[in-house]
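So the chains spell out like this:
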Amino acid sequence: MSNGMNEKGKAMNDLDMSQYRKDARGALVPVSAIKEIDLLRDDLVRELVAKVLPVKTELATLKREAMAEANAFIDMSVEQYGVKRSVKGNTTLHSFDGKYRILIANHDVLQFDERIQAAKALIDECLDDYTKDANVNLKAIVQKAFNVNAEGKINVKRVLELRTLKIEDEKWQHAMQALSDSLHVQTSREYIRFYERNDETDEYELINLDFAKV
């Protein structure tokens, strides 16, 4: 078995790889068997991506450096009063002339634990009672809230909107409590955004660093 694998590996090394291209399934296809338009498309995509990847790395480095410098300044400013920041909340920094603005924003990524199943079961019981002789639109709305996305995750925002429904029923309130108890912070993310003031409108406009939106 080992000898067979070694021979296969040697055969691969002996191949002139310039005469082959790997397809989407990982198989080596002779260049002579590939249409010219497919070769040109492959060349174009690889050439453009090769130009973009270093920019992505540069932007990631710039973001880390900007976050570190901005946070260091905020800490220094707070420490003038003999205290340290207890929490990292949203902070806005302006240039002296007000032309530029930097926003440091914190965002908690929320997730439900297993208790969401208890909340869903209680909600289903409520819906069975509420929709016996009533419009079934409420049931459709609630069930849609629990639909999962392509990654199999529940949309937290959509489910939490159920808490805004004015339903005083004790079982519903019990379900909403289970919903709240099942919610917890999975992780916290910190963002930095840059703005420039438009002199004509006097509004701050985002300096967009999204390549697709520039």
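Q: How should I be thinking about the packing of aromatic side chains in this particular structure?
A: Remark: the centre distance and the inter-plane angle together describe each pair of aromatic rings, the angle taken between the planes. Evaluation of the coordinates by the stated rule reveals zero aromatic pairs. The ring of Y204 carries R101 above its face, with NZ or CZ at 4.0 Å from the centroid. Its guanidinium or amino end placed over the ring of F146, K120 lies 5.4 Å from that ring's centre, counting from NZ or CZ.

Q: Help me understand helix α3 (residues 116–130), please; the structure alone is not making it clear to me.
A: Given 3.6 residues per helical turn, the α-helix brings residues three or four places apart onto the same face. Under the 1.5 Å per step criterion, the end-to-end length of α3 is 21 Å for 15 residues, consistent within 8% with the ideal 21 Å. Buried residues of α3: I116, A119, L122, I123, C126 and L127, and no others. Buried positions in α3, seen along its axis, are confined to an arc of 140° and lie on one side of it.

Q: Can you walk me through unusual backbone geometry in this structure?
A: Excluding glycine, residues mostly carry a negative phi; peptide bonds, for their part, are mostly trans. Its identity as a non-glycine residue notwithstanding, D202 has a phi of 65°, on the positive side. Counting through the fold element by element, D202 comes out in the loop between β5 (183–197) and β6 (204–206). Of the residues examined, D202 reaches a relative accessible area of 52% and is grouped as exposed.

Q: What exactly am I supposed to notice about the pairing of strand β4 (residues 100–112) here?
A: Every regular strand shows the same layout, with side chains that alternate between the two sheet faces. Relative to β4, strand β3 (residues 91–94) runs antiparallel, the two being bridged by four bridges. Counterpart to T92 in the pairing with β4 is L103. In this structure, the hairpin formed by β3 and β4 is closed by a connection of five residues, where G98 is found at a positive phi of approximately 75°. The pairing of β4 with β5 spans 13 bridges and is classified as antiparallel. When the sheet's bridge partners are listed, H107 is paired in β5 with R189.

Q: What exactly am I supposed to notice about the packing of α3 against helix α6 (residues 170–182) here?
A: Any two packed helices are characterised by how steeply their axes cross, that is the angle between the axes, and by the distance between the axes. Following both chains from N to C, one finds α3 and α6 inclined at 160°, their axes separated by 8 Å at the closest point. One element, α3, and the other, α6, form an angle in the roughly antiparallel class. For the element pair α3 and α6, the recorded crossing hand is left-handed. The residues of α6 that touch α3, namely those facing I116, A119, L122, I123, E125, C126, D129 and Y130, are K171, W172, H174, A175, M176, A178, L179 and S182. For the contact of α3 with α6, the class distribution of residues is 11 nonpolar, two polar and three charged.

Q: Looking at this structure, I do not really get the environment of G89. What am I missing?
A: By the element assignment, G89 lies in the loop between α2 (36–79) and β3. When the C-alpha atoms of G89 and I104 are compared, they prove to be 8.1 Å apart, with 15 residues separating the residues in sequence. Those residues within four positions of G89 in sequence are excluded, and the remaining contacts are I104 and N106.

Q: Any chance you could explain the side chain of N71 here in plain terms?
A: Among the secondary structure elements, N71 is positioned in helix α2. Of the residues examined, N71 reaches a relative accessible area of 7% and is grouped as buried.

Q: Help me understand the pattern of salt bridges, please; the structure alone is not making it clear to me.
A: Oppositely charged side chains can pair when the atoms bearing their charge come close. Applying the stated criterion across every chain, the model contains 14 salt bridges. Among the ionic pairs, D42 bridges to R46, the shortest N-O distance being 3.1 Å. Here D42 pairs with R46, and both are found in helix α2, just four residues apart, close to one helical turn. What emerges from the salt-bridge pattern is a single network uniting R21, D42, D43 and R46.

Calculation notes
- Residues numbered from 1 in each chain as written.
- Predicted model: local features only at pLDDT ≥ 70, side-chain atom pairs only at ≥ 80, totals over all residues.
- Heavy atoms only, no water.
- Phe/Tyr/Trp six-rings, centres within 6.5 Å; stacked < 30°, edge-to-face > 60°.
- Lys NZ or Arg CZ within 6 Å of the ring centre and 35° of its normal.
- Helix = DSSP H or I, 4+ residues; strand = E, 2+ residues; numbered from the N terminus.
- Expected span 1.5 Å × (residues − 1).
- Buried < 20%, exposed > 50% of the residue type's maximum accessible area, 1.4 Å probe, protein only.
- Arc of directions from axis to C-beta.
- Pairing = 2+ DSSP bridges.
- Axes fitted to C-alpha atoms, helices over the stretch in contact; angles between N-to-C directions.
- Parallel < 35°, antiparallel > 145°, perpendicular 65-115°, else oblique.
- Left-handed = near helix turned anticlockwise from the far one by under 90°.
- Contact = heavy atoms within 4.5 Å.
- Nonpolar A, V, L, I, M, F, W, Y, C, P; charged D, E, K, R; others polar.
- Salt bridge = Lys/Arg side-chain N within 4 Å of Asp/Glu carboxyl O.

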